[in-house]
Amino acid sequence: MRPPVEVSVFLLSLLAPVVLYTINNISALQETLPILGMGLVVLGSVLLLLLLAVGHQTKVDPLFYAFAEFSFTCVVGLTNALEQDRFISGFMGFYLKMGEPHLSTAYAVMMSYWEGIFHYLLFLIIIRRMFNGKSYRSLGLLWAGSSIAHQIVLIPGVVIGKYGSNIKPAFWRNIPFFVAPFWAASVLFSRPREMPIIPADKILAEQRKSLLRRPVDLLLSLLSLGAMAFTVFRGFVVLDCPLDACFTYIYQYEPYLKDPVGFPRVMMLAYLFYALPLLIAFFYGLRTPGCSWMLDWTIFFAGAMAQTQWCHIGASLHSRTPFTYRVPADKWWPVITLNVLLAAVPILLAVRCHTIPAFFMKPVPKGQTDKEKKKN
């Protein structure tokens, strides 16, 4: 009797530390090109084992292979985080030296924890639901948002930051991991959304309410405006705005924004050019009935903001960040509170859209309600 597929994926991913420890103790494999070659061989071998694990299945969702491969790399990421925080040793030394030195930064450590815990558990749940015939579209969009946000900060951050002059061949293994989440997101968005069955009368009644008669939506709108203002302000800060408020903030509140690793600067610009337009769109969606796209995009955005804010908050406090760039002890509460709220707003929006979705359903055609009453 074959074990469940998610169990096979779990067991396969546990081979990651074994592979890392083996390579870390074979000096011939610890050069730049051999490291890249070994990485490709290992990922190819994982794919082959996955094909054997599901060979008895008549039809396998192609997203399974992406999720299962990412599960393997999640364990690699968790191994890196644990080694950088000195819980374990002897696994990642070779790779940090000759592969991707930036993985020793505080931002990369927090990123590795997120991948190794949140993404990993998410993959196992998705794979279980996939092979049990249950929907996993929303969970997939949550991961896609998180993974895309991770990649659009990581890769440019490495290139423009202090590690940009020391990029080694192994760094370019990130390219397929950059492309895969976009492909997965396009596949998931193209699939039909599972809409709850809500009576037309209830949809109509909900959509007739003004924003003032929907206190939860009113509060979320105000929080969204606050998130927009904070996003614009920090975007100006990393762009070296000469205003006194910007100067005071970066030196007295969030000096991490000027850390030469480059990740915080790229993140704030990503917020300014990508998160801000989405926040504006969500503000519009909270005021306008029938914006069914809110049901998908709020989940995608919640994943993105949760991932980036986790990394940003953690890195600004982590011991691997130089002391001068950490959040000052006397400014800890206001800075962390603002950053937590920035992560919480998209999550609350997503929860709101999926718990009571009637306002976001397609508008009821005129006269449909009366016809349904006559039929009944």
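Residues numbered from 1 in each chain as written. Predicted model: local features only at pLDDT ≥ 70, side-chain atom pairs only at ≥ 80, totals over all residues. Heavy atoms only, no water.

Some details on unusual backbone geometry
Alright, step 1. Although it is not a glycine, Arg86 sits at a positive phi angle of roughly 65 degrees.
Alright, step 2. Within the element layout of this structure, Arg86 appears in the loop between helix H4 (63–84) and helix H5 (93–98).
Alright, step 3. Residue Arg86 is classed as exposed on the basis of its relative accessible area, which comes to 75%.
Alright, step 4. The backbone phi angle of Asp240 is positive, close to 60 degrees, even though this residue is not glycine.
Alright, step 5. Looking at where Asp240 falls in the secondary structure, it is placed in the loop between helix H10 (215–238) and helix H11 (244–252). (Helix = DSSP H or I, 4+ residues; strand = E, 2+ residues; numbered from the N terminus. Buried < 20%, exposed > 50% of the residue type's maximum accessible area, 1.4 Å probe, protein only.)

Side note on the packing of aromatic side chains
Two aromatic rings, taken as a pair, are described by how far apart their centres are and by the angle between their planes.
Alright, step 1. A full pass over the atoms with the stated rule returns 28 aromatic pairs.
Alright, step 2. Look at Phe10 and Tyr120: their rings are 6.5 Å apart centre to centre, the planes differ by 35 degrees, and that puts the pair in the tilted class. Pair noted here: Phe10 is in helix H1 (residues 5–13) and Tyr120 is in helix H6 (residues 106–131), with a separation of 110 residues, a long-range link.
Alright, step 3. Arranged with centres 5.2 Å apart and planes meeting at 75 degrees, the rings of Phe70 and Phe177 form a pair that is edge-to-face. Here the residue Phe70 occupies a position in helix H4, and Phe177 occupies one in helix H8 (residues 174–190), the gap between them amounting to 107 residues. (Phe/Tyr/Trp six-rings, centres within 6.5 Å; stacked < 30°, edge-to-face > 60°.)

Some words on a nonpolar patch on the surface
Alright, step 1. Together, Leu15, Val18, Leu47, Leu48, Leu49, Leu51 and Leu52 give the surface a local cluster of nonpolar side chains, amounting to about 610 Å² of exposed area.
Alright, step 2. Elements that contribute at least two residues to the nonpolar patch include exactly helix H2 (15–24) and helix H3 (32–53).
Alright, step 3. The element best represented in the nonpolar patch is H3, accounting for 5 residues.
Alright, step 4. Tracing the chain through its elements places Val18 in helix H2. (Patch = residues over 30% accessible without salt bridge, like charges linked within 9 Å, V, L, I, M, F, W, Y side chains within 5 Å. Areas by Shrake-Rupley, 256 points an atom, 1.4 Å probe, with all protein chains shown as cover. Salt bridge = Lys/Arg side-chain N within 4 Å of Asp/Glu carboxyl O.)

Quick word on the environment of Val46
Alright, step 1. On the secondary structure map, Val46 appears in helix H3.
Alright, step 2. Assessed through its relative accessible area of 4%, Val46 is described here as buried.
Alright, step 3. In sequence terms Val46 and Met195 are 149 residues apart; their C-alpha atoms lie 36 Å from each other.
Alright, step 4. Excluding residues within four positions of it along the chain, Val46 makes contact with Leu12, Glu69 and Phe72. (Contact = heavy atoms within 4.5 Å.)

Structural notes on the side chain of Ser146
Alright, step 1. Tracing the sequence through the fold places Ser146 in helix H7 (residues 137–160).
Alright, step 2. In this structure the side chain of Ser146 is engaged in a polar contact, spanning 2.9 Å, whose partner is the side chain of Trp114.
Alright, step 3. Those residues in contact with Ser146 that sit more than four places away from it in its chain are Trp114, His119, Gly303, Ala304 and Gln307. (Polar contact = N/O pair within 3.5 Å; in protein donor to acceptor, adjacent residues only side chain to side chain.)

A word on the confidence of the model for the chain
Alright, step 1. Taken as a whole, the chain shows an average pLDDT of 90; of its residues, 95% reach a score of 70 or greater.
Alright, step 2. Overall, residues 369–376 carries pLDDT values under 50, and its contacts beyond four positions in sequence, including any with other chains, amount to 6 contacts. (pLDDT = per-residue confidence, 0-100.)

Overview of the state of the cysteines
In a disulfide, the sulfur atoms of two cysteines are covalently bonded to one another.
Alright, step 1. Tallied over the full model, the rule gives 0 disulfides.
Alright, step 2. Sulfur of Cys246: no disulfide; nearest cysteine sulfur belongs to Cys241 and is 3.7 Å away.
Alright, step 3. A relative accessible area of 3% means that Cys246 is categorised as buried. (Disulfide = S-S within 2.5 Å.)

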